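This is what each chain is made of:
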Amino acid sequence: MRRSFGESAPFMTILRCQLWQTAKERNVSLLNNTFVIRYVDGTIHTEKLNTVEEIEQIIDKEFGLPKLPIREAVACLEERDIDIFAEKK
């Protein structure tokens, strides 16, 4: 458990939020700047977000978490030279 909070632990190097919305029959997921909605019928909607403001709007509107400290989380990652908007190779 202690290792999961280490500087190089997987969830300490990404911005990640995932929520099952059974009433809406879907799963919403944010991984860094990629927002994905997966519906029970197999349909998948993917959207690249370009700003922290867009991420905050998605977290508020789609996840229903308006007070989640997104800006602070992104700042913490930036302090560690992690750019959530950089394209992965």
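Keep in mind that what you see is a predicted model, and the values were worked out from it rather than measured.

Visitor: I'd love a proper account of the pairing of strand β2 (residues 26–31), names of residues and values included.
Guide: Note on strand geometry: in a regular strand, side chains alternate between the two faces of the sheet. Most of β2 is tucked away: 5 of the 6 residues are buried. As judged from the 6 bridges shared by strand β1 (residues 16–21) and β2, these two strands associate in the antiparallel manner. Within β2, the position partnered with R16 by the bridge is L31. The turn linking β1 back onto β2 is made up of 4 residues, and E25 within it adopts a positive phi angle of 55°. Relative to strand β3 (residues 34–39), β2 runs antiparallel, the two sharing 6 bridges. Paired with L30 across the bridge in β3 is F35. Counted along the chain from β2 to the antiparallel partner β3, the turn is 2 residues long, and its residue N32 has a positive phi close to 55°.

Visitor: How would you explain the nonpolar core if you had to name every residue and give the values?
Guide: Counting 17 residues, the largest nonpolar core has L15, L30, F35, I55, I59, F63 and I70 as its most contacted members. Among the elements of the structure, β2, β3, α1 (52–61) and α2 (70–79) are those that each provide at least two residues to this core. Looking at this core, the element that brings in the most residues is α1, giving 4 residues.

Visitor: A description of the pairing of β3 should follow, citing residues and the corresponding values.
Guide: Sheet analysis places β3 next to strand β4 (residues 44–48), joined by 5 bridges and oriented antiparallel. Bridge pairing in β4 links I37 to H45. What sits between β3 and β4 in their antiparallel hairpin is a turn of 4 residues, with G42 showing a positive phi close to 95°.

Visitor: Tell me about the packing of α1 against α2, and please be specific about residues and values.
Guide: α2 packs onto α1 with a crossing angle of 135° between their chain directions and a minimal axis gap of 9 Å. As summarised for this structure, α1 and α2 are arranged oblique, according to the angle between their axes. Pair α1 / α2 crosses with right-handed handedness. Facing α1, whose interface residues are V52, E53, I55, E56 and I59, α2 presents I70, R71 and V74.

Visitor: Residues and numbers for the sheet that holds β3, please.
Guide: One open sheet accounts for 4 strands, arranged β1-β2-β3-β4; its pairing is antiparallel. The two strands at the open ends of the sheet, each matched to only one other strand, are β1 and β4. Sheet twist, expressed as the average angle between the axes of neighbouring strands with direction ignored, equals 10°.

Visitor: Summarise α1; cite the residues concerned and give the values.
Guide: Given 3.6 residues per turn, any residue in an α-helix points the same way as the ones three and four places further on. Burial in α1 covers these residues: V52, I55, I58 and I59. Looking straight down α1, one finds its buried side chains confined to an arc of 120°; they lie on one side. Projecting away from the buried face of α1 at angles above 90 degrees are the exposed residues Q57 and K61. Those residues of α1 that are buried are in contact with β1, β2, β3, β4 and α2.

Conventions we followed
In this convention, every chain numbers its residues from 1, walking through the sequence in written order. Restriction of local features to residues with pLDDT of at least 70 applies here, the model being predicted, together with a cutoff of 80 or more for giving and counting side-chain atom pairs; totals for whole chains, interfaces and linings are based on all residues. Hydrogens and water are ignored here; the side-chain numbers use all heavy atoms of the structure. Burial classes: relative accessible area under 20% of the type maximum marks a residue as buried, over 50% as exposed, and values in between as partly exposed (1.4 Å probe, protein chains only). A helix here means a DSSP run of H or I that spans at least four residues, while a strand means a run of E at least two residues long, and both kinds are numbered starting from the N terminus. Two strands pair if DSSP finds at least two bridges between them. We define the nonpolar core as a collection of buried residues of types Ala, Val, Leu, Ile, Met, Phe, Trp, Tyr and Cys that are connected through side-chain atoms lying within 4.5 Å of one another. Note on method: axes are straight lines fitted to C-alpha atoms, helices fitted across the in-contact stretch only, with angles between N-to-C directions ranging 0 to 180 degrees. Should an angle fall under 35 degrees it is called roughly parallel, over 145 degrees roughly antiparallel, and 65 to 115 degrees roughly perpendicular, with every other angle called oblique. By convention, the crossing between two helices is left-handed when the near helix turns anticlockwise from the far helix through less than a right angle, and right-handed when the turn is clockwise. Whether two residues are in contact is decided by their heavy atoms, any of which lying within 4.5 Å being enough. This arc describes the spread of directions from the helix axis toward the C-beta atoms.

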